[in-house]
Amino acid sequence: MAVHGRGRTSFIIALSFFSFFFIGIVLSQQQDAAPPGTVLLDNYAGSSDDDKLTNALADVVSSSSRSFIPAIMLSGRGYTFTKTRQAFSGLKIVGPPAGYFNSELVNGKYNSVKVTLNCGSGNSSWFVGSGAIYDVYISHIGFVSTNGLTQFWHHPLPGTLYACTFETLGFYGFKHVFGNPIAKTAITQINFIGQWTVVPALDVQFSIGGSDNELWTAGYLNIGPSSSVPGEGRYLMQFIDLGKTNVGPIYITANNGWAGILIAGDDTYGVGLSFTGCRFEGMNPSNPSNGALVVQTGGKVIYRDIWTAYGMADPMANKHSPPDQAMIMILGGESLWDGLTYDRAASVNQSVPLFYVAAGKVHIRNVFTGAKGGAWSGLPLVRAVSPAVVNLDDTVTKA
């Protein structure tokens with residue numbers, strides 16, 4: 001019986017060892033297994049993250065064994081990419097789908113993944129597209145650039161991005177994100193969704209045109225400049241010939257010599273642009289923007305439920321031509337402003353106009369005032385010069 005007991009004990013020990021060994025294998029396989037429709041970047045060979053991404057991109061786009069292009073999934077760790085990539089239809093790169101990706105705080109610790117991206121701009125951007133590219137999806141990644149040169153996406157005309165989604169992204173320290181002032185990116189049926197943070201900006205972050213888009217209408221964008229790079233009148237965003245597109249809510253902070261947003265277009269390519277629930281301001285009443293927060297030179301644009309504040313502290317410093325003369329400069333096109341709230345900078349007298357209209361047609365309705373910058377003894381002013389046409393209600397005064 002004693003011998004039999006030792007045999008049973010040995011058998012149990014052996015079985016337990018096998019069970020732990022088997023469970024270990026299963027857990028290891030589960031760790032390396034990708035969710036359905038994805039492949040794990042870390043499962044690809046390569047001595048660097050760039051090498052792994054090269055192999056992953058080649059596999060997903062060219063593998064004859066795949067009926068569909070899977071998403072390349074990043075793990076919850078830090079990555080570094082430096083190589084320029086050619087964009088293609090069906091490209092998908094995703095991070096762990098959780099959290100708000102803001103690398104401004106504690107070196108990105110609150111992110112579930114952080115990607116250091118150090119490339120160039122223009123044709124040296126991270127992704128460069130040409131022609132028509134469809135069905136791109138990039139989501140849930142906090143990007144950081146440390147070389148002061150990096151552009152995320154370059155897709156110059158006559159190329160266009162179609163039917164793509166970019167979701168819940170962070171861009172810290174980028175020169176440009178989509179497009180640049182020399183070559184805008186054309187977008188059609190594009191969705192920017194989820195929570196975005198684009199700070200600190202080193203140059204114009206978005207230079208885009210196109211039509212039929214939804215930009216942050218199912219999300220939120222917080223964008224602001226670097227405190228160490230004076231703006232010298234540069235805009236954080238430029239929408240050039242962007243039509244039939246809904247935008248908002250976005251929160252633009254344009255202090256340290258930066259301007260907010262430039263909208264340009266014509267009756268062909270700049271019609272049907274609509275902003276809702278946006279905030280355009282300097283940092284606060286004592287740290288304002290030098291000049292105008294919004295400049296429109298053309299197109300037909302609707303602005304609803306807008307907040308604008310803390311600008312026009314030193315308009316000549318913006319070096320705009322013509323010089324900024326109001327918080328909102330309308331130099332052409334048509335626009336409707338309905339439900340606007342305005343608060344002055346502490347150093348700016350209420351005699352400085354809210355609107356300056358040099359050309360085009362402007363309808364202004366239901367303007368409210370805030371008092372952080374000082375109490376009001378009258379209504380905000382609208383200054384118009386020929387040949388401009390303005391239609392005002394009783395919440396503003398024509399100067």
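Residues numbered from 1 in each chain as written. Predicted model: local features only at pLDDT ≥ 70, side-chain atom pairs only at ≥ 80, totals over all residues. Heavy atoms only, no water.

S.K.: Got a minute to help me understand the overall build of the protein chain in this structure?
M.R.: Counting secondary structure elements, the protein chain contains two helices and 32 strands. Taking all 399 residues of the protein chain together, the buried fraction comes to 52%. Nonlocal contacts in the protein chain, meaning residues at least 24 apart in sequence, comprise 78% of its contacts between residues at least 6 apart. Counting only carbon and sulfur atoms, one obtains 56% of the accessible surface of the protein chain, whose full area is about 16,800 Å². Across the protein chain, the mean location of the 24 positive side-chain charges is 6 Å away from that of the 25 negative side-chain charges. (Helix = DSSP H or I, 4+ residues; strand = E, 2+ residues; numbered from the N terminus. Buried < 20%, exposed > 50% of the residue type's maximum accessible area, 1.4 Å probe, protein only. Contact = heavy atoms within 4.5 Å. Areas by Shrake-Rupley, 256 points an atom, 1.4 Å probe, with all protein chains shown as cover. Lys, Arg positive; Asp, Glu negative; His and termini not counted. Charge placed at Lys NZ, Arg CZ, Asp CG, Glu CD.)

S.K.: Can you walk me through the environment of alanine 326 in this structure?
M.R.: Relative to the elements of secondary structure, alanine 326 occurs in the loop between strand S25 (300–309) and strand S26 (328–330). Along the chain, alanine 326 and isoleucine 302 lie 24 residues apart, while their C-alpha atoms are 19 Å from each other. The contacts of alanine 326, once residues within four sequence positions are left out, are Ala292, Met312, Pro353, Leu354, Phe355 and Tyr356.

S.K.: What's the story with the nonpolar core in this structure? I'm lost.
M.R.: As a rule of thumb, soluble globular proteins bury nonpolar side chains together. Counting 87 residues, the largest nonpolar core has Phe152, Phe166 and Phe275 as the members making the most contacts within it. Apart from the residues within four sequence positions on either side, phenylalanine 275 is in contact with Phe239, Val247, Ile261, Ile263, Phe280, Val301, Ile302, Tyr303, Arg304 and Ile306. Ala259, Ala292, Tyr356 and Ala358 belong to the second-largest nonpolar core, a separate cluster that totals nine residues. (Core = buried A, V, L, I, M, F, W, Y, C linked by side-chain atoms within 4.5 Å.)

S.K.: Got a minute to help me understand the environment of leucine 40 in this structure?
M.R.: With respect to the element layout, leucine 40 can be found in strand S1 (residues 38–40). By relative accessible area, leucine 40 is classed as buried at 10%. Along the primary structure leucine 40 and alanine 56 are separated by 16 residues, whereas in three dimensions their C-alpha atoms are 8.5 Å apart.

S.K.: For this particular structure, what's the right way to read the pattern of salt bridges?
M.R.: Pairing of side chains with opposite charge becomes possible as their charged atoms draw close. Under the definition given, this model contains ten salt bridges. Between aspartate 49 and arginine 77 there is a salt bridge whose closest N-O contact spans 2.8 Å. Remark: arginine 77 occurs in the loop between strand S2 (71–73) and strand S3 (78–81) and aspartate 49 occurs in helix H2 (residues 49–62); sequence separation between them is 28 residues. Overall, the relative accessible area of 31% leaves arginine 77 in the partly exposed class. For glutamate 334, the salt bridge goes to lysine 300, with nearest N and O atoms at 3.7 Å. Remark: lysine 300 occurs in strand S25 and glutamate 334 occurs in strand S27 (residues 334–343); sequence separation between them is 34 residues. Given a relative accessible area of 30%, glutamate 334 falls into the partly exposed group. (Salt bridge = Lys/Arg side-chain N within 4 Å of Asp/Glu carboxyl O.)

S.K.: What's the story with a nonpolar patch on the surface in this structure? I'm lost.
M.R.: Taken together, Leu105, Val106 and Tyr110 make up a surface patch of nonpolar side chains, about 320 Å² in accessible area. Assignment of secondary structure puts valine 106 in the loop between strand S5 (92–94) and strand S6 (114–117). Overall, valine 106 belongs to the partly exposed group, its relative accessible area being 49%. (Patch = residues over 30% accessible without salt bridge, like charges linked within 9 Å, V, L, I, M, F, W, Y side chains within 5 Å.)

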